[in-house]
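Letter by letter, the chains look like this.
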Amino acid sequence: MFRILLLILLLASAALPAGAAVVTDALGRPVGSERPPQRIISLVPAVTEILFALELDEQLIAVTRFCTYPSAALAKPNIGDYASPSLEALAALRPDLVIMAADAAGPELLSRLEMLGIAVFVAYPRSLTGTAELIRTLGRLCDRQPRAAALAAELEQTARCARRLTKGHQKVRVLATVMTEPLVVAGPQTLLDDLIDIAGGVNVVGASLSRYPTWGLEAVLAADPDLILVSPHPGQEDAAALYRNWPELSAVRNNRLLSVDADWIQRPGPRLSLGLRALVRGLHSIELPQPVTSCGG
Amino acid sequence: MRRLARFWPFLLLMLLGGALAFSLSVGPVPLGFSELLAILRGDTSDPTGLAVVYRIRLPRSLLAALVGAALSVAGAAFQAVLRNPLADPYILGVSGGAALGAVTAIWLGFAAALLLPVAAFVGALFALLLVYWVARAHRGSSHTLILCGVIVGSLASALLLFLLWLSPADQTRAAIFWLTGNLAFADYRLLQWIAPLVLVAFLILWSASRSLDLFTQGEETAADLGLAVGRARLLVLVAAGAMTAAVVAMAGLIGFVGLTVPHIVRLLLGPAHHRLLPASALAGATFLVLADALSRQLYAPAEIPVGVVTALLGAPFFLYLLRAQRTLP
């Protein structure tokens, strides 16, 4: 019986046309089709960046209004918000694949899209490794494996290089500010936490009920981090200005408020390597070699 | 009960003092009681301790006390003048107006810290006056006032949602945070503006205690007993409304305090307003100071929204009192 099943499976897989792939998304759902998707809608800014880096700009037919990079993304039709896109506009574009984020959009959106008969891939990367994995998976799904492997490898090499060069240095105690009103900081199980660790730092936000807890300034004073990461989002109050009111903080006295482009460190995409370079520079005054393959060892 | 009726001012003042002491002593920075005393006496050179007590905990505790007192007094006044036990300080569109004012300011790009409260205050007063102006056509009966309040509130929240939909995500988040109520941005500059306003409004309401007592008997009875109903009502509405607007402007919308504290005090001390109003002020201040301290302490260093704590603390206590007393005030 088992052999017959195996035989059927083998025959079935042989019958699939070239380029077809079935992958598993972040929710463990199988996603795939007979041929690589030709009409993709990305509801995730980071995924939009990945798809452009995989040279899938022709297949990418629409993005959200938050997909601001690369500049070619701004020219794509936009179907609104990532959490509540216009379903009508989305369906009218007849996509054969929609990519959404597990944390930005709810299960309602997923079930609505499934009801419309649209294939959905759910992404949920929370680490650099997870991002590399996502890039590889999207590469398999969209028939861009070599390009994806190279992109993912570059991210992983940058991480290895960062770990190697900061090894033996005193760990820097870091607080990563996400926004100031309210004061939201990055806790464990977040991309920022992972990047801080890779760059030779320790996140001062310990175990917490929420991945992004709200802190008061007193909590910052109590933790007294060596370095505070301030990454201004356009249109938001500058976190550096808030902290400068508190010279009691060592990071303020020692002028260690580090500003890194928020999109480099908060978007799980190819530009994480830029973010990581900036973090290693800010935390340890170490410059990662360019290209990163020349890191040695 | 009799004894309570005589000693309540001392009892409530002691409770408030205890709550303030508790609030000053809890937080993520560990400060022992002796350290706290040293800081308060001024014989310490620990800059972090000084900053924590004087720039974080004290302004925040004072703001919580002021907001709790104002919301409770305004709630008591609204419940009396509208003869409705479900009335809270936000019932006449004040909350919607304040929120709309603040979000309009955010939307127009006026992010200056001091401008937001001013915009919220103006919005709240505007909503209140609109309600009063429409309701006056029907001699301002309490039903008309409440109905107008609900309608103006709905209109304001529709406009608010529209503005939020128009604004970028980051600004929206800031606005929503503000709307859920917070005491984190306590600031002495604002306190010194708002405290006198709240005090004056309180004194006006307290001096109108007799009118408030009469209102609870019904407007016709009150008129028969010689009260100039229209004028007294306008005075109470403006004083309680301005008081609410002022604290909403500072701390956003903090629920539950203004609805339940007056009921709790009424259950314990009776309905006479010359006692109900000051007792509500002290009890409301104590209650919000405690709720804020707990919201900072329960999951420290993370903070939980103070509105969650006020409801979780207040609702069971209120239900218990209702059950124990068996009669609605």
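Since we're looking at a predicted model, the values are computed, not measured.

1. With respect to the overall build of chain B
Stage number 1. Summing up its helical and strand segments, chain B has 14 helices and zero strands in all.
Stage number 2. Written out in order from the N terminus, the α and β elements of chain B read α-α-α-α-α-α-α-α-α-α-α-α-α-α.
Stage number 3. At 20 Å, chain B has a C-alpha radius of gyration in line with the 20 Å of a compact globule built from 329 residues.
Stage number 4. Principal axes of the C-alpha set define a box for chain B whose edges measure 65 × 55 × 35 Å.
Stage number 5. Put simply, of all contacts in chain B between residues at least 6 apart along the chain, 77% involve residues at least 24 apart.

2. Some remarks on the overall build of chain A
Stage number 1. Per the secondary structure count, chain A includes 13 helices and 11 strands.
Stage number 2. For a compact globule of 297 residues, the expected C-alpha radius of gyration is about 19 Å, and chain A comes in at 21 Å, within 12% of that figure.
Stage number 3. Projected onto its principal axes, the C-alpha positions of chain A cover 70 × 50 × 40 Å.
Stage number 4. Sorting the 297 residues of chain A into buried and exposed places 44% on the buried side.

3. What to know about the environment of Ala302 of chain B
Stage number 1. With respect to the secondary-structure elements, Ala302 of chain B resides in the loop between helix H13 (273-297) and helix H14 (306-325).
Stage number 2. Note: C-alpha distance between Ala302 of chain B and Pro28 of chain B (274 residues apart in sequence) is 9.0 Å.
Stage number 3. For Ala302 of chain B, the residues in contact, after removing those within four places along its chain, are Ser208, Leu209, Ser210, Pro213, Thr214 and Trp215 of chain A.

4. Comments concerning the nonpolar core
Residues and elements named next belong to chain B.
Stage number 1. Core analysis: the biggest nonpolar cluster contains 198 residues, and Val67, Ala70, Val73, Ala77, Met243, Ala246 and Val247 have the highest contact counts within it.
Stage number 2. Broken down by element, this core gets its largest block of residues, 19 residues, from helix H3 (residues 47-81).
Stage number 3. When sequence neighbours within four positions are dropped, the list of residues in contact with Ala70 reads Val198, Met243, Thr244, Ala246 and Val247.

5. Side note on the sheet that holds strand S5 (residues 97-101) of chain A
All names here are of chain A.
Stage number 1. Within the open sheet, the four strands sit side by side as S4-S3-S5-S6. Their pairing is parallel. Two strands close off the open sheet at either side, each with one partner strand: strand S4 (60-62) and strand S6 (120-123). Pairwise comparison of adjacent strand axes, ignoring direction, gives a mean angle of 30 degrees for this sheet.
Stage number 2. In the sheet, strand S3 (residues 40-42) pairs with S4 via two bridges, with the strands oriented parallel. Residue Ile41 lies in a different strand from S4, and its bridge partner there is Ala62.
Stage number 3. Across the face of the sheet, helix H5 (residues 107-115) comes into contact with S5 and S6 while running at roughly 160 degrees to S6.

6. Topic: the packing of helix H5 (residues 115-136) of chain B against helix H11 (residues 229-251) of chain B
Residues and elements named next belong to chain B.
Stage number 1. Where H5 contacts H11, the axes come no closer than 8 Å and their chain directions differ by 150 degrees. By the angle between their directions, the pair H5 and H11 is classed as roughly antiparallel. The two elements H5 and H11 meet at a crossing, and its hand is right-handed. Across the interface between the two elements, Pro117, Ala120, Phe121, Ala124, Leu125, Leu128 and Tyr132 from H5 touch Leu237, Gly241, Ala242, Thr244, Ala245, Ala246, Val248, Ala249 and Met250 from H11.
Stage number 2. The class makeup of the residues in the contact of H5 with H11 is 14 nonpolar, two polar and no charged.

7. With respect to the confidence of the model for chain B
Low pLDDT means the predicted coordinates in that region are not meant to be read closely.
All names here are of chain B.
Stage number 1. Put simply, chain B has an average pLDDT of 86, and 92% of its residues get 70 or more.
Stage number 2. The least confident element of chain B, judged by mean pLDDT, is helix H7 (residues 169-179) at 67; the most confident is H13 at 95.
Stage number 3. If you check the scores for this complex, the pTM reads 0.81 and the ipTM reads 0.73.

8. A short note on unusual backbone geometry
Residues and elements named next belong to chain A.
Stage number 1. Along the chain, Tyr69 connects to Pro70 via a cis peptide bond; the corresponding omega equals -10 degrees.
Stage number 2. Its place among the elements puts Pro70 in the loop between S4 and helix H3 (71-74).
Stage number 3. Here the amide bond leading from Gln290 into Pro291 is cis, since omega sits at 0 degrees, within 30 degrees of zero.
Stage number 4. One can find Pro291 in the segment after helix H13 (272-284).
Stage number 5. For Asn255, which is not glycine, the phi dihedral falls at a positive 60 degrees.
Stage number 6. By secondary structure assignment, the location of Asn255 is in the loop between helix H11 (250-253) and strand S11 (257-259).
Stage number 7. Accessibility expressed as a C-beta count within 10 Å gives 6 for Asn255, which makes it exposed.

9. A look at the pairing of strand S2 (residues 30-33) of chain A
Residue and element names in this part refer to chain A.
Stage number 1. Strand direction decides the pairing type here: strand S1 (residues 21-24) and S2, joined by four bridges, are antiparallel. The residue of S2 that forms the bridge with Val23 is Val31.
Stage number 2. Hairpin connection from S1 to S2: five residues lie between these consecutive antiparallel strands, with Gly28 at a positive phi of about 80 degrees.

10. A look at helix H6 (residues 128-141) of chain A
Residues and elements named next belong to chain A.
Stage number 1. Taking 1.5 Å per residue as the helical rise, H6 with its 14 residues ought to reach 20 Å, and the 20 Å between its terminal C-alpha atoms agrees with that figure.
Stage number 2. When H6 is considered as a whole, its buried residues turn out to be Leu128, Thr131, Ala132, Leu134, Ile135, Thr137, Leu138, Gly139 and Leu141.
Stage number 3. Asp143, located one to two residues past H6, shows a positive phi value of around 60 degrees.

11. A few points about the packing of H3 of chain B against helix H8 (residues 188-207) of chain B
Helix-helix packing is characterised by the crossing angle of the two axes and by the distance between the axes.
All names here are of chain B.
Stage number 1. The geometry of H3 relative to H8 is characterised by a closest axis approach of 11 Å and an angle of 25 degrees between their N-to-C directions. Here H3 lies roughly parallel to H8, going by the angle between them. Once H3 is placed against H8, the crossing between them reads as left-handed. Together, Pro59, Leu62, Leu63, Leu66, Ala70, Val73 and Ala77 of H3 and Tyr188, Leu191, Ile194, Ala195, Val198, Phe202 and Leu205 of H8 make up the contact between the two elements.
Stage number 2. Split by residue class, the contact of H3 with H8 holds 14 nonpolar, no polar and no charged.

12. Re the pairing of strand S7 (residues 172-179) of chain A
Residue and element names in this part refer to chain A.
Stage number 1. Counting buried residues along S7, seven of its eight residues qualify, which places the element largely inside the surrounding structure.
Stage number 2. Alignment of S7 against strand S9 (residues 201-203), held across three bridges, turns out to be parallel. Across the sheet, the residue bridging to Arg173 is Val202, located in S9.
Stage number 3. Examined bridge by bridge, S7 and strand S10 (residues 227-230) share four bridges and lie parallel to one another. Looking at S10, one finds that Val174 is bridged to Leu227.
Stage number 4. What sits between S7 and strand S8 (residues 184-185) in their antiparallel hairpin is a turn of four residues.

13. Some remarks on the environment of Leu288 of chain A
Residue and element names in this part refer to chain A.
Stage number 1. For Leu288, the position within the fold is in the segment after H13.
Stage number 2. Measuring from C-alpha to C-alpha, the distance between Leu288 and Ala278 comes to 9.1 Å, with 10 residues separating the pair along the chain.
Stage number 3. Excluding residues within four positions of it along the chain, Leu288 makes contact with Thr158, Cys161, Ala162, Leu165, Arg277 and Val280.

Basis of the calculations
- Residues numbered from 1 in each chain as written.
- Chains lettered and ligands numbered in written order.
- Predicted model: local features only at pLDDT ≥ 70, side-chain atom pairs only at ≥ 80, totals over all residues.
- Helix = DSSP H or I, 4+ residues; strand = E, 2+ residues; numbered from the N terminus.
- Rg over C-alpha atoms; globule rule 2.2 N^0.38 Å.
- Contact = placed C-beta atoms within 7 Å.
- Buried ≥ 20, exposed ≤ 12 C-beta atoms within 10 Å, placed from the backbone.
- Core = buried A, V, L, I, M, F, W, Y, C linked by C-beta atoms within 7 Å.
- Pairing = 2+ DSSP bridges.
- Axes fitted to C-alpha atoms, helices over the stretch in contact; angles between N-to-C directions.
- Parallel < 35°, antiparallel > 145°, perpendicular 65-115°, else oblique.
- Left-handed = near helix turned anticlockwise from the far one by under 90°.
- Nonpolar A, V, L, I, M, F, W, Y, C, P; charged D, E, K, R; others polar.
- pLDDT = per-residue confidence, 0-100.
- Expected span 1.5 Å × (residues − 1).

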